[in-house]
Amino acid sequence: MGERAGVAREWGDADAGLTRAGGGRRLSNKWLVLFLLLGVGLFNQGDRFLLAGLVEPIKAEFGVSDGFMGLLMGPAFALLYSLLAIPIARAADRMSRIFIIVVGCLVWSGFTAASGLAQGPWTLAGARVGVGIGEAAFQAPAYALIAAYFVPEQRGRAFAIMGLNTYIGQTLGYVVGPALAADATWRYPFMVMGGSGFAIGVLALLLIREPARVVLHAEVKAPRLSVLARQLVGIASYRNMMLGMALGVLSGISFGLWGPALFARAYALPIKQASTLFGLAFGLAGLVGMLFFGVLADRASKREPAAPLRLAALALGAATALIMVVTWTPSLEVARWLAVPCGLFGGGWSVGVVVALQNLLPDRIRATGTALGMLVVNLLGAVGGPWLAGALSGAVGGDATHSLRIGLSVVIPLGFIGAWLIWRARGDLVRDRAVLATLDG
């Protein structure tokens, strides 16, 4: 028990020698905060999968290619999303994180609704750019806010619950979206999701309180952005974690966003049925995997701070191998059965990296350090993956199913390299935490 308490003290923010910046303002219940942020995150993620779930009807109306749809799912959305996350996170290390999150939610919800009003492919692309601008305000401030509310030994579960936004959002996009579209048009789900996101954003603003900052007595201010970026690049565990996570996300998100189209083509299914089948099969298993990994990461980190990274690397490697098999299997039944282990392994591996990252970064640079790392993750993963898979599919040409499988088969195996990098990061984590705690601006 004493050893576990020592680990918690070493990696916690509530250390001896820490004070809280700001007043004694009464805080919201941490679980209420978590579930409200999860609610906001559902619409953050659901909008992305909604576009993927409606690829075929959008292509049919606008007469565009796989490459163009890959552009909408990747660069059109994620380029400004990735770049703007840095200055927004910098502001979140100084200002109210919840206010920044809510403003972003209102912006992306407005552009989500605007996506349903698009009159052509380029106005749809413009709406997707606007969605990306708004959603840049969510990820890093939300992670930092959760880390401020939860002690280190609870963060695995907290981040796992937060991570459910991906899988519930996937269900919204792949199942609810096409179901709504089937009774109207593909435009209607975008309008519904935009209005719902606006409502949950206002509710979060009313109920969530900004916690006081935790600062070391020796810390005066966060370092300048350019200085911080150079310092973090020089930290081996940070560098390997972020590159590894980027390649893992690139692999997984490419399969996740193109999966409904692959199922529709490979198994001759209507897009509504393919999206529902894919979303439920992989989404439900992924949700269970996310929760299980969060509990496992909390237990493992009590014994060894780097243990979540070991678990993440092993799970990512297994998930990558399994989704390659799913990509090429000619049997729908095999694909459905493999969805269970795919989701269990692939659902939660990123939690291990997020937990390790939040424990690595001191509170004064947590949002900015997270955003700098996620810049790499999003540029390689969210921008590069869906576009690259779609572009390769278009370049191969010929049979639509075969060409999409080829495109995915180039992108998916990069997850193996990601797993190796995450494995390497575990050896430097404890030492690097101490180094970062002593750096100044």
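Higher on the page you've got the structure.
Residues numbered from 1 in each chain as written. Predicted model: local features only at pLDDT ≥ 70, side-chain atom pairs only at ≥ 80, totals over all residues. Heavy atoms only, no water.

A word on the overall build of the chain. When helices and strands are counted, the chain shows 20 helices and two strands. Relative to the 2.2 N^0.38 estimate, which gives 22 Å for 441 residues, the radius of gyration of the chain is 21 Å and therefore close to what a compact globule would have. Across its three principal axes, the chain shows a C-alpha extent of roughly 65 × 40 × 35 Å. Counting only residues that meet the buried cut, the chain has 59% of its 441 residues in that class. (Helix = DSSP H or I, 4+ residues; strand = E, 2+ residues; numbered from the N terminus. Rg over C-alpha atoms; globule rule 2.2 N^0.38 Å. Buried < 20%, exposed > 50% of the residue type's maximum accessible area, 1.4 Å probe, protein only.)

Here we come to the packing of helix α6 (residues 97–115) against helix α10 (residues 187–207). As a packed pair, α6 and α10 sit with axes 7 Å apart at the nearest point and diverge in direction by 165 degrees. By the angle between their axes, α6 is roughly antiparallel relative to α10. At the point where α6 passes α10, the crossing takes the left-handed sense. Here I98, F99, V102, C105, L106, S109, T112, A113 and S115 of α6 lie close against α10, whose contacting residues are F190, M191, M193, G194, G197, F198, I200, G201, V202, A204 and L205. Of the residues contributing to the contact of α6 with α10, the split by class is 14 nonpolar, six polar and no charged. (Axes fitted to C-alpha atoms, helices over the stretch in contact; angles between N-to-C directions. Parallel < 35°, antiparallel > 145°, perpendicular 65-115°, else oblique. Left-handed = near helix turned anticlockwise from the far one by under 90°. Contact = heavy atoms within 4.5 Å. Nonpolar A, V, L, I, M, F, W, Y, C, P; charged D, E, K, R; others polar.)

Helix length check: helix α16 (residues 349–360) (twelve residues) gives 17 Å between terminal C-alpha atoms against 16 Å at 1.5 Å per residue, within 8%. The buried count for α16 comes to eleven of twelve residues, which makes it a mostly enclosed element. Those residues of α16 not exposed but buried are W349, V351, G352, V353, V354, V355, A356, L357, Q358, N359 and L360. (Expected span 1.5 Å × (residues − 1).)

So, about the pattern of salt bridges. A pair can form between side chains of opposite charge whenever their charged atoms are brought close. Using the criterion set out here, one finds seven salt bridges in the structure. In this structure, the salt-bridge partner of R265 is E56, at a minimum N-O distance of 3.7 Å. Linking R265 in helix α12 (residues 236–266) with E56 in helix α3 (residues 55–62), this pair joins segments that are 209 residues apart in sequence. Two residues, D428 and R431, come together in a salt bridge whose shortest N-O distance is 3.3 Å. (Salt bridge = Lys/Arg side-chain N within 4 Å of Asp/Glu carboxyl O.)

This part is about the packing of helix α9 (residues 152–183) against helix α13 (residues 271–303). At a minimum axis separation of 8 Å, α9 and α13 run at an interaxial angle of 175 degrees. Classified by the angle between their axes, α9 and α13 sit roughly antiparallel to one another. Its residues assigned to classes, the contact of α9 with α13 shows 18 nonpolar, eleven polar and six charged.

The next thing to look at is the environment of S82. Note on placement: S82 falls in helix α5 (residues 75–92). Relative accessible area serves as the criterion here: at 0%, S82 is assigned to the buried category. In the structure, S82 is positioned 213 residues away from V295 in sequence and 29 Å away in space, judged by C-alpha atoms.

Relative to the helices and strands, A118 resides in the loop between α6 and α7 (121–135). Looking at A118, the relative accessible area reads 3%, which means it is buried. Distance from A118 to R187, taken between C-alpha atoms, is 8.3 Å for residues 69 residues apart in sequence. Beyond its immediate chain neighbours, meaning those up to four positions away, A118 contacts F62, T123, L124 and R187.

Looking now at unusual backbone geometry. In this model, A268 sits at a positive phi of 50 degrees, which is unusual for a non-glycine residue. Looking at the secondary structure, you find A268 in the loop between α12 and α13.

Here the focus is α12. End to end, α12 covers 42 Å across 31 residues, agreeing with the expected 45 Å (1.5 Å per residue, within 8%). Its maximal kink placed at G259, α12 deviates by approximately 50 degrees, while the proline P260 follows within four residues. Counting buried residues in α12 gives 26 out of 31 residues, a clear majority hidden from the surface. Where α12 ends, the next residue or the one after it, A268, has phi of about 50 degrees, a positive value. (Bend = angle between axes of the 7 residues up to and from the residue.)

For the structure on display, the rule yields twelve aromatic pairs. For the ring pair W31 and F150, a centre distance of 4.9 Å and an interplane angle of 75 degrees mean the geometry is edge-to-face. Of the two residues, W31 is situated in helix α2 (residues 30–53) and F150 in the loop between α8 (139–149) and α9; the sequence distance between them amounts to 119 residues. By relative accessible area, which is 32% here, W31 ends up partly exposed. The class for F150 is buried, based on a relative accessible area of 2%. Members of the aromatic cluster, connected to one another through ring pairs, are F255, F263, Y267, F278 and F282. (Phe/Tyr/Trp six-rings, centres within 6.5 Å; stacked < 30°, edge-to-face > 60°.)

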